[in-house]
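# Tertiary structure, described
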Amino acid sequence: MPPPTFLQNPQRVRPILILGVDVISEHPKRFAVVSWFNGRLERKGEFTLYRLIRFIQSKRPDIVAMDSITELGDDLRRFLRALPSGTKLVQVTGRPGEQRSLQSLAREHGIRTFDRFDPYEEAKLSALLASKGVGYEVLAFEDEVIIRVTRGRSHGKGGWSQDRYRKRVHNLVRDKVREIEESLRRADIPFDLETEEKDYGLAKGEFKVYASREELAGLIRPMRGGDVEVRIQPVERAELGFAPLKGEEAVRERKSIIVGIDPGITVGIAAIDLSGRIVALHSQRNMPVGEVFRFISEIGHPVIVATDVKPAPGFVEKIARSFKASLFVPRESLRVEEKNELLRNLGISVDDDHQRDALAAAYKAYLRLKPKLEHVEARLREAGLSRKADEVKALVIQGYNLGEAMQRVTLRERPREEEEHEEGPSFDVRPYIRRIRELERRIEFLERENAELREVIKEQKRVIGRLERRIADYDEEIRRKVLRERELEAKVKRIEVLEKQLREAKAVIERLGRDLVQVKRMNVVEIRGSAVPLKVMNVLSWRELERLEREIGIKRGDVLFVVNPAGAGRAIAEELVEKGIKALITEKPLPGPVRNVLREAHVPFFTGDELDVKRVDEFAVVERETLERAIEELLARWEEEDREREAERLLRLVEEYRIERMKELRRKAEEEARAEHRKA
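Residues numbered from 1 in each chain as written. Predicted model: local features only at pLDDT ≥ 70, side-chain atom pairs only at ≥ 80, totals over all residues. Heavy atoms only, no water.

### A word on the overall build of the protein
Stated precisely, the cut-off is as follows: Secondary structure follows DSSP: runs of H or I at least 4 residues long count as helices, runs of E at least 2 residues long count as strands, and numbering of each begins at the N terminus. To be clear on the numbers: accessible area is Shrake-Rupley with a 1.4 Å probe, and residue cover counts the displayed protein chains and nothing else.
Helix and strand content of the protein: 19 helices and 22 strands. As displayed, the protein has an accessible area near 40,200 Å², and 50% of this comes from carbon and sulfur atoms.

### Structural notes on the sheet that holds strand S12 (residues 256–262)
Convention followed: Only strands that DSSP links by at least two bridges are regarded as paired with each other. All axes are obtained by fitting lines to C-alpha atoms, using only the stretch in contact for helices, and the reported angles, taken between N-to-C directions, cover 0 to 180 degrees. What makes two residues a contact is simply this: any of their non-hydrogen atoms within 4.5 Å.
An order of S14-S13-S12-S15-S16 is seen for the five strands of this open sheet, with the pairing classed as mixed. Bordering the open sheet on either side are strand S14 (278–285) and strand S16 (326–328), each of which pairs with just one other strand. Going from strand to strand, the sheet's axes swing by 25 degrees on average, the running direction of each strand aside. One ladder, built from three bridges, connects strand S15 (residues 301–306) with S16; its direction is parallel. If you follow isoleucine 304 over to S16, its bridge partner there is serine 326. Together, S12, strand S13 (266–273), S14, S15 and S16 form the strand contacts of helix H10 (residues 353–383), whose direction differs from that of S13 by roughly 30 degrees.

### Re helix H9 (residues 336–346)
Note the following rule: To sort residues, take the accessible area from a 1.4 Å probe on protein chains only and compare it with the maximum for the residue type: under 20% means buried, over 50% means exposed, and anything in between is partly exposed. Think of the arc as the fan of directions from the helix axis to the C-beta atoms.
Listing the buried residues of H9 in full gives Lys339, Leu342 and Leu343. Across the axial projection of H9, the buried residues extend over an arc of 95 degrees, all falling on one side. Residues of H9 that are exposed and point more than 90 degrees away from the buried face comprise Glu337, Arg344 and Asn345. Considering only its buried residues, H9 is in contact with H10. Remark: glycine 347 follows H9 within two positions and exhibits a positive phi of approximately 70 degrees.

### Some thoughts on the pairing of strand S8 (residues 136–151)
Within S8, 13 of the 16 residues are buried, leaving the element largely enclosed by the surrounding structure. Here strand S7 (residues 88–91) pairs with S8 via two bridges, running antiparallel. Directly across from valine 90, in S8, lies its bridge partner glutamate 137. Taken together, the 12 bridges between S8 and strand S11 (residues 228–244) define a ladder with antiparallel strand orientation. Looking across to S11, one finds that valine 138 is bridged to phenylalanine 242.

### Structural notes on the packing of H10 against helix H11 (residues 389–397)
Spelled out, the test is: In this scheme, roughly parallel covers angles under 35 degrees and roughly antiparallel covers those over 145, while 65 to 115 is roughly perpendicular and the rest are oblique. Each crossing gets its handedness from the near helix: less than a right angle anticlockwise from the far helix is left-handed, clockwise is right-handed. Think of it as three bins: nonpolar holds Ala, Val, Leu, Ile, Met, Phe, Trp, Tyr, Cys and Pro, charged holds Asp, Glu, Lys and Arg, and polar takes everything else, Gly as well.
Contact pair H10 / H11: the axes reach a minimum separation of 10 Å and the direction vectors enclose 135 degrees. One element, H10, and the other, H11, form an angle in the oblique class. In this structure, the crossing between H10 and H11 has a hand that is right-handed. Packed against H10, whose contacting residues are Leu369, Lys372, Leu373, Val376, Glu377 and Leu380, the element H11 presents Ala389, Val392, Lys393, Val396 and Ile397 at the interface. Within the contact of H10 with H11, the residues separate by chemical class into eight nonpolar, no polar and three charged.

### Things to note about the pattern of salt bridges
Counted only if it meets this: In what follows, salt bridge is the name for a side-chain nitrogen of Lys or Arg lying within 4 Å of a carboxyl oxygen of Asp or Glu.
Scanning all chains against the criterion turns up 45 salt bridges. Across the salt bridge formed by aspartate 75 and arginine 78, the nearest N and O atoms sit 3.9 Å from each other. Using a relative accessible area of 25% as the deciding quantity, one classes aspartate 75 as partly exposed. The partner of glutamate 628 in a salt bridge is lysine 582, and the shortest N-O contact between them spans 2.6 Å.

### Here we look at the packing of aromatic side chains
Threshold: Ring pairs are drawn from Phe, Tyr and Trp, using the six-membered ring of Trp, whenever the two centres fall within 6.5 Å, and their geometry is named by plane angle: stacked under 30 degrees, edge-to-face over 60, tilted for the rest.
This model, assessed by the stated rule, comprises four aromatic pairs. Relative to phenylalanine 55, the ring of phenylalanine 47 lies with its centre 5.0 Å away and its plane at 40 degrees, an arrangement referred to as tilted. Here the two residues phenylalanine 47 and phenylalanine 55 agree in accessibility, since each one is buried.

### Re the side chain of threonine 93
Note the cut-off: Whenever two N or O atoms come within 3.5 Å, that pair is a polar contact, provided that in protein one can donate a hydrogen and the other can accept it, and provided that, for residues adjacent in sequence, both atoms are side-chain atoms.
Checked against the element boundaries, threonine 93 lands in the loop between S7 and helix H3 (102–108). Here the side chain of threonine 93 touches aspartate 67 through a polar contact of 2.5 Å, landing on its backbone oxygen. Each residue touching threonine 93, except ones within four places of it in the same chain, is listed here: Asp67, Glu98, Gln99, Arg100, Leu102 and Leu105.

### With respect to the pairing of strand S10 (residues 201–209)
In terms of strand pairing, S8 meets S10 through six bridges, oriented antiparallel. Paired with valine 145 across the two strands is valine 209, which belongs to S10. Pairing of strand S9 (residues 191–198) with S10 involves eight bridges; the strand directions are antiparallel. Residue pairing across strands places glutamate 197 opposite leucine 202, the latter belonging to S10.

### A closer look at unusual backbone geometry
The residue after histidine 27, namely proline 28, is reached through a cis peptide bond having omega -5 degrees. As for its position among the elements, proline 28 is in the loop between strand S3 (17–26) and strand S4 (29–37). Cis geometry marks the peptide bond from lysine 310 to proline 311; its omega dihedral reads 0 degrees. Positionally, proline 311 belongs in the loop between S15 and helix H8 (314–323). With a phi close to 55 degrees, histidine 602 is a non-glycine residue in the positive phi region. Relative to the elements of secondary structure, histidine 602 occurs in the loop between helix H17 (592–600) and strand S20 (605–607).

### Side note on H17
Turning to H17, its buried residues number three or more, namely Val594, Val597, Leu598 and Arg599. On the buried face of H17, the contacting elements are helix H16 (570–579), strand S19 (583–586), S20 and helix H19 (624–679). Of the residues trailing H17, histidine 602 is marked for its positive phi of about 55 degrees.

### A short note on the nonpolar core
The criterion, for reference: Residues grouped as a nonpolar core are buried Ala, Val, Leu, Ile, Met, Phe, Trp, Tyr and Cys residues, joined through side-chain atoms within 4.5 Å.
Counting residues in each nonpolar core, the largest one holds 37 residues, and the members touching the most others are Leu534, Leu540, Leu584, Ile585, Phe606, Leu611 and Leu627. Once you skip the residues sitting within four places of it in the chain, leucine 611 turns out to touch Ile585, Phe606, Val622, Thr626, Leu627 and Ala630. One finds Ile53, Phe55, Met66 and Leu89 within the second-largest nonpolar core, a separate group that totals 26 residues.

### A look at the environment of isoleucine 278
Secondary-structure assignment places isoleucine 278 in strand S14. Each C-alpha atom, one on isoleucine 278 and one on leucine 346, is 9.1 Å from the other, the two residues being 68 residues apart in sequence. Contact partners of isoleucine 278, with chain neighbours within four places excluded, come to Ala271, Ile272, Leu346, Ile348 and Leu359.

### Quick look at a nonpolar patch on the surface
Cut-off, in case you're wondering: Each patch is assembled from residues with relative accessible area greater than 30% and no salt bridge, linking like charges that lie within 9 Å and nonpolar side chains (Val, Leu, Ile, Met, Phe, Trp, Tyr) that lie within 5 Å.
There is a patch of nonpolar side chains on the surface, built from Tyr474, Ile478 and Val482 and spanning about 240 Å² of accessible area. For isoleucine 478, a relative accessible area of 41% translates into the label partly exposed.

### Some points on the confidence of the model for the protein
Heads up, the condition is: What pLDDT reports is the predictor's confidence in each residue, on a scale of 0 through 100.
Across the protein, the average pLDDT comes to 81, with 89% of residues at or above 70. Summarising per-element confidence for the protein, the mean pLDDT is lowest in strand S1 (residues 6–8) (37) and highest in strand S6 (residues 63–66) (94). With pLDDT under 50 throughout, residues 415–427 is counted as low confidence; its partners more than four residues away or in other chains account for 14 contacts.

### Concerning the environment of alanine 203
Take alanine 203: it is sitting in strand S10. Along the sequence, alanine 203 and arginine 174 sit 29 residues apart, while their C-alpha atoms lie 7.9 Å from each other. With near-sequence residues (within four places) excluded, alanine 203 lies in contact with Val149, Thr150, Arg151, His170, Val173, Glu196 and Lys198.

Encoded structure:
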């Protein structure tokens, strides 16, 4: 058994779990999976994409290794989102456009190969190569994370209690935002914060954290289901990135560079090669971490990331960790005079101070390594390996001694030459053989599935026969159970009806109890004699009159109080007269028809302001003495008005009689005069 491979960590050493994956068929999509743990290989079997994702989420491997991520097709992004935190997807054959065959990589690293068209064999090779640090990690997310802190549930509608609850939730959101802010500051993780203030607290807070989700693991935890909700969402890259799984893999084809960075609102970037020549010089305002990473990746692979200040800013440390590059920090922060002197030695002018600081940091790092790099270059010229000087220098910077670096570069060249020789201009039948193997596996799978389905059908037939016999045997018992259940259901429904009637009766009793209390209060006031209780109607309508009769009752001699008499007519006024009420008091003036009916029936009516009515909710009283005096005065006034009207009526009758009598006498006189005239 080969010796175990371990993932080195500054704090601890632990074995890692790697899953090698290769596609078996496209329709349906199935994958072969082989695990590597502590030097031991184990075949896990075939998986659909859904089962593969569930398996990875349950096992939480350190690496999922594939020879080509294009085998995932349109499901690639979905697959990357589903990976657990800390699990890397690795393409062992290299970056797109720079890929090599699994077999050549296996020979280079001393791994025996067998059937190159067997998916399990390819999955095994992918796992073994990843265990040796071969391959590129697929980067789907920026080193940026959005943390949103919001309320966890709706405030709903309501009064004071809802207002208090809303303020409490906003205070909890504010406290959680402060807690996360303090945690990020203690961990020295850069971030931006936007908040929305409300009710002396916060309605929401949104952090833009410049760190990977792995760096936040254990520091910030998502929260759901309570008053406060915390969501953590990594920012997806527009295009996938590729980072070497191990530092030495990055220097094979890409140019090795030394990068100086000046962080801040305006970011300065400078890159020089391992011979001290300037490769790139750039500065940009508000440049995010992901864009810095892409800018540097397009230039080459940094083996050293340098800064001009001590201690190193967190932004620079993050870039160095992302590229797995060494971090250069000067013994003390560089002075402005020293930076200007370094630029004069280079003989170059810059656009701004940020480019100056970045270039000074990179060149200072180069000067620190220059003696060693010149020694390496001299040895390579002697060995005839000058054309591989950059690769060897990069490996030496990473910690290899010169002999090991030269040996690795030499061994790396041989498999490539063999691969180029094998893959000459001959006709390539491998795709056709692979397709044939895939179809054979597909046929084998369908035949196996067919046999399994036939067995399932047989078993189902046996189950159906057994169930039919049980139905026949227990038919009577089932019938009795059905009857019992129906009887029970009828009783349950009867209970529900009775419970409903009980609730309605309780509601009636409760309402009658309230009415009784009100009647008693009115009787007490009436018995004491100091005040007269008034029976209150909100409006002067038939429905309100029926309600008052039903709840309290109206008897002869009652005094009614109407809040709003508008719209009432003669009919309801005549009904009140017929019931024999003593008086009618209103808050607003009575309509004309109602006034006329009451006036004719000598039923007094007043406004509440005239009698100083005291009213609380549905209960109103008026002082007895005031009411009696007002009724007496009003009736006396009406009697006087009636006498005056009667006298006026008699005078009119006498006058009318006198006029008619005079007319009659004049008519008789005229007739007598005509008679005498005829006689003459």
